[in-house]
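# Analysis of the macromolecular model
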Amino acid sequence: MHRLIANKRCWYVFLCGTIVIGIFVWIAGKQTGITIFEHNGARAATAKTLYWLTGFAIVFLHLIVFSSLYAIHFYSIQLERFALCIILMIGGLYVFLMTPFSAPDEIYHYCQSYRLSNTLIGKKQDVISDGWLDPSNYTEHVNTFQGYVNSVEEWNQNREQEDEKIPKLALYRYAPEYFFSAAGITLGRLLSAGAVRSYYLGRILNLLFYAFCSYFAVRRIPRFKLLFSMIVMLPMAIHQGASFSYDCFFNGLGFLTIASALSMLFSEETLSIKELLWMVIPLALALPSKGGAGTIFLIAVIPLYFLIPKSRFSRGYYKLLYFILILLLSIIMLLLMWNTRDIASIPDTGYSVTKGNVRDVVGVSGALQHPLSTVMAVYKTFQSMSFLWVEQAIGLRLGGLSLWIPEWIIIILILLLILSTFNCSTDDAIKECVLIKWRVVFLGIAVCYAVAVTLTEYITYSEPGSPTAAGTQGRYFLPVLPLLMMCANNRTIQVMKNIDKPILMFFTLLSARIILQIILFTLF
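Note that this is a predicted model, so its numbers are computed, not measured. (Residues numbered from 1 in each chain as written. Predicted model: local features only at pLDDT ≥ 70, side-chain atom pairs only at ≥ 80, totals over all residues. Heavy atoms only, no water.)

## Describing the overall build of the protein
From N to C terminus, the protein includes 20 helices and 4 strands. Taken across its 524 residues, the protein has 53% of its residues classed as buried. Restricting to contacts in the protein with at least 6 residues of sequence separation, those with at least 24 account for 81%. Within the structure as shown, the protein displays about 23400 Å² of accessible surface, and the carbon and sulfur contribution to it stands at 65%. (Helix = DSSP H or I, 4+ residues; strand = E, 2+ residues; numbered from the N terminus. Buried < 20%, exposed > 50% of the residue type's maximum accessible area, 1.4 Å probe, protein only. Contact = heavy atoms within 4.5 Å. Areas by Shrake-Rupley, 256 points an atom, 1.4 Å probe, with all protein chains shown as cover.)

Here it is, written out as structure tokens:
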């Protein structure tokens with residue numbers, strides 16, 4: 001009876017909230033959306049469509065928040081299922097609320113996906129045909145109201161002519177990292193869905209891949225499930241997963257690899273081949289991604305592997321044998337998956353070809369000739385940017401670093417992540433605090449990973465004489481963020497009450513607030 005009364009009250013709250021939101025959308029639409037195009041009949045119809053779509057998105061967000069809070073409060077939820085549902089629902093909003101090509105370098109990723117789509121349906125690889133969404137009609141790296149307008153007006157349009165070539169924006173391509181986005185474009189082209197709908201199908205299939213990688217990552221890890229579930233649901237992680245970016249592929253496999261490695265570290269049973277494959281296969285697929293930058297991920301995996309106790313292996317020498325096999329498989333994957341004719345290697349001649357532009361950069365030879373300057377540049381960058389990188393990895397600036405999220409939201413999210421590592425509401429949790437030597441290794445992995453990425457960016461993109469490394473962004477460090485946060489776990493600061501549900505509730509509300517920030521930034 002109590003549950004029934006509670007249900008009625010919850011539904012009353014939901015109904016009242018829906019009415020209030022509907023009034024808000026109606027007022028906002030009257031003041032902005034429709035009046036923008038009141039002098040043009042066709043554009044006024046477009047604005048009216050956008051007005052109703054925005055209202056639907058906000059009501060849908062309200063439904064997500066209500067159902068999530070209800071499930072958290074009344075049921076004992078499985079965190080991997082909760083993360084999967086949130087990624088799919090919130091990610092679905094990111095797919096449509098982030099205008100085409102607003103994600104970092106999404107034009108380049110879309111071109112690579114379209115090339116692969118041409119290959120899948122047997123057409124010339126570099127020729128523009130049906131289902132091509134012209135990037136010139138949209139603003140790169142920025143979420144704009146005009147992007148919404150163009151998407152609505154081009155919803156049913158389709159391109160048929162074959163008189164242009166896809167821009168060659170880079171010199172490398174690794175097909176698996178674009179397979180799912182290309183499959184979405186291909187599906188749209190086969191269904192004659194039009195350019196815009198084919199574009200969104202590409203984003204949706206990328207999101208599905210990321211969501212299921214995240215599901216298995218949270219499911220695999222035996223401890224810190226709450227921490228892992230929140231990290232895979234972070235705004236930046238979902239934003240990348242709901243775009244054409246190859247970060248979707250790399251982050252999904254990265255989370256799965258780290259979770260599987262930690263599962264082998266935290267468990268006590270004898271290690272099985274199946275458990276090892278859960279780490280090896282995602283690692284092998286991730287290594288050639290991002291133009292070979294995925295090889296830096298070995299910095300994270302190798303130390304974690306050597307932390308696994310020998311007692312977990314059925315025979316003592318199996319640990320070294322498995323490690324050799326992992327390295328051999330990694331090398332084979334790099335040799336097989338890289339198209340060596342198209343690799344954009346780290347420049348060693350003092351210039352870099354990026355998106356068709358040739359410019360002077362430090363290069364490998366420059367870094368070796370001036371090692372002290374290189375070390376100081378990496379150090380200064382790390383010193384001045386380290387906390388900002390953490391904020392960016394959470395989601396401080398979405399899009400092409402143009403869509404600012406209020407910093408207080410990011411700070412609270414960081415505190416929630418740290419607080420989740422203090423949860424010791426059971427005797428087992430108290431006994432299973434992360435060992436000090438493990439925390440030192442985790443911190444060392446995060447720092448070395450950041451230094452390696454910064455050094456790569458300095459060599460590849462910074463001009464000679466630059467005092468800092470150019471181009472390093474916090475989103476690059478998402479796969480090792482769980483290791484950094486686990487360093488906070490200790491025996492001194494412990495929360496003895498179960499705080500999982502309050503943390504999830506706050507996290508859900510903040511995620512919804514970020515969606516509203518995207519809408520407010522773009523429309524109002």
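Here the narrative resumes.
## Details of the environment of Gln-240
Tracing the sequence through the fold places Gln-240 in helix H9 (residues 235-241). Judged by relative accessible area, Gln-240 falls into the buried class, the value being 0%. With 136 residues separating them along the chain, Gln-240 and Pro-104 place their C-alpha atoms 8.5 Å apart. With near-sequence residues (within four places) excluded, Gln-240 lies in contact with Pro-104, Ser-245, Asp-247, Cys-248, Asn-251 and Arg-475. Here the side chain of Gln-240 touches Ser-245 through a polar contact of 3.2 Å, side chain to side chain. (Polar contact = N/O pair within 3.5 Å; in protein donor to acceptor, adjacent residues only side chain to side chain.)

## Remarks on the packing of aromatic side chains
Applying the stated criterion across every chain yields a total of 38 aromatic pairs. Considering the side-chain rings of Phe-382 and Trp-389, the 5.9 Å spacing of their centres and the 70° angle between planes classify their relative orientation as edge-to-face. Using a relative accessible area of 25% as the deciding quantity, one classes Phe-382 as partly exposed. In this structure Trp-389 comes out as buried when scored by relative accessible area, which is 4%. Cluster of aromatic residues (ring-pair linked, three or more members): Phe-96, Phe-101, Tyr-110, Tyr-114, Trp-132, Tyr-138, Trp-155, Tyr-199, Tyr-200 and Phe-244. The ring of Phe-266 is capped by Arg-223, whose NZ or CZ atom sits 4.3 Å from the centre of that ring. (Phe/Tyr/Trp six-rings, centres within 6.5 Å; stacked < 30°, edge-to-face > 60°. Lys NZ or Arg CZ within 6 Å of the ring centre and 35° of its normal.)

## Details of the pattern of salt bridges
Applying the stated criterion across every chain, the model contains 6 salt bridges. For Glu-106, the salt bridge identified is with Arg-203, shortest N-O distance 3.0 Å. Taken together, the residues Glu-106 in helix H4 (residues 106-120) and Arg-203 in helix H7 (residues 195-220) connect sequence positions 97 residues apart. Ionic pairing is found between Asp-247 and Lys-290, a salt bridge with its closest N-O pair at 2.8 Å. In this pair, Asp-247 is assigned in helix H10 (residues 247-266) and Lys-290 in the loop between helix H11 (273-286) and helix H12 (298-307), connecting sequence segments 43 residues apart. Lys-290 matches Asp-247 in its accessibility class, with the two residues each being buried. Several salt bridges converge on common partners, so that one network encompasses Lys-123, Asp-130 and Arg-189. (Salt bridge = Lys/Arg side-chain N within 4 Å of Asp/Glu carboxyl O.)

## Things to note about the nonpolar core
Core analysis: the largest hydrophobic core is formed by 138 residues, its most contacted members being Tyr-94, Met-233, Leu-262 and Phe-442. Among all residues touching Phe-442, those that are not within four sequence positions of it are Leu-262, Leu-265, Leu-304, Leu-307, Val-434, Leu-483, Met-486 and Cys-487. Counting residues in hydrophobic clusters, the runner-up holds 6 residues, among them Val-362, Ala-367, Tyr-458 and Ile-459. (Core = buried A, V, L, I, M, F, W, Y, C linked by side-chain atoms within 4.5 Å.)

## Brief notes about the side chain of Thr-460
Looking at the element boundaries, Thr-460 is found in helix H18 (residues 436-461). Of the polar contacts made by the side chain of Thr-460, one reaches the backbone oxygen of Thr-456; its length is 2.7 Å.

## Description of the packing of H12 against H18
One way to put it is that H12 packs onto H18 with a least axis distance of 9 Å and a crossing angle of 165°. Viewed along their axes, H12 and H18 adopt a mutual orientation that is roughly antiparallel. For the pair H12 and H18, the crossing hand works out as right-handed. Mapping the contact onto sequence places Ile-299, Ala-300, Pro-303, Leu-304 and Leu-307 in H12 and Trp-438, Val-441, Phe-442, Ile-445, Cys-448, Tyr-449 and Ala-452 in H18. (Axes fitted to C-alpha atoms, helices over the stretch in contact; angles between N-to-C directions. Parallel < 35°, antiparallel > 145°, perpendicular 65-115°, else oblique. Left-handed = near helix turned anticlockwise from the far one by under 90°.)

## Notes on unusual backbone geometry
Excluding glycine, a negative phi dihedral is what most residues carry, and trans is how most peptide bonds are arranged. Located in the positive-phi region is Asp-105, a residue other than glycine, with phi close to 55°. Relative to the helices and strands, Asp-105 is located in the loop between helix H3 (79-97) and H4. You will see that Phe-224, though not glycine, has its phi angle at about 60°, which is positive. Among the structural elements, Phe-224 can be located in the loop between H7 and helix H8 (225-232). By relative accessible area, Phe-224 is classed as buried at 12%.

## A short note on the environment of Leu-61
Assignment of secondary structure puts Leu-61 in helix H2 (residues 41-74). Leu-61 sits in the buried class, given a relative accessible area of 4%. Put simply, Leu-61 and Leu-93 are 32 residues apart on the chain and 8.1 Å apart in space, counted from C-alpha to C-alpha. The residues touching Leu-61, leaving out its near neighbours within four places in the chain, are Ile-90, Leu-93, Ala-512, Ile-515 and Leu-516.

## Observations concerning the environment of Tyr-215
Looking at where Tyr-215 falls in the secondary structure, it is placed in helix H7. Residues Tyr-215 and Gly-252, spaced 37 residues apart in sequence, show a C-alpha to C-alpha distance of 9.5 Å. Here Tyr-215 is in contact with Glu-80, Arg-81 and Leu-84, once residues within four sequence places are set aside.

## Considering a nonpolar patch on the surface
A contiguous nonpolar surface patch, about 580 Å² in accessible area, is contributed by Tyr-317, Leu-320, Leu-321, Ile-324, Leu-325 and Leu-328. With respect to the helices and strands, the residue Leu-328 is situated in helix H13 (residues 318-337). For Leu-328, a relative accessible area of 45% puts it in the partly exposed group. (Patch = residues over 30% accessible without salt bridge, like charges linked within 9 Å, V, L, I, M, F, W, Y side chains within 5 Å.)

## Considering the packing of helix H6 (residues 179-190) against H7
Closest axis-to-axis distance for the H6/H7 pair is 7 Å, and the angle between their directions is 140°. With respect to their mutual orientation, H6 and H7 come out oblique. In this structure, H6 meets H7 at a crossing whose hand is right-handed. Each of Phe-180, Ser-181, Ala-183, Gly-184, Ile-185, Leu-187, Gly-188 and Arg-189 in H6 lies in contact with H7, whose residues at this interface are Ser-198, Leu-201, Gly-202, Leu-205, Asn-206 and Phe-209. A breakdown of the residues in the contact of H6 with H7 according to their chemical character gives 7 nonpolar, 6 polar and 1 charged. (Nonpolar A, V, L, I, M, F, W, Y, C, P; charged D, E, K, R; others polar.)

## Here we look at the side chain of Ser-267
As for its position among the elements, Ser-267 is in the loop between H10 and H11. Here the side chain of Ser-267 touches Ser-263 through a polar contact of 2.8 Å, landing on its backbone oxygen. The contact partners of Ser-267, leaving out residues within four places of it in the chain, are Pro-222, Glu-275 and Arg-312.

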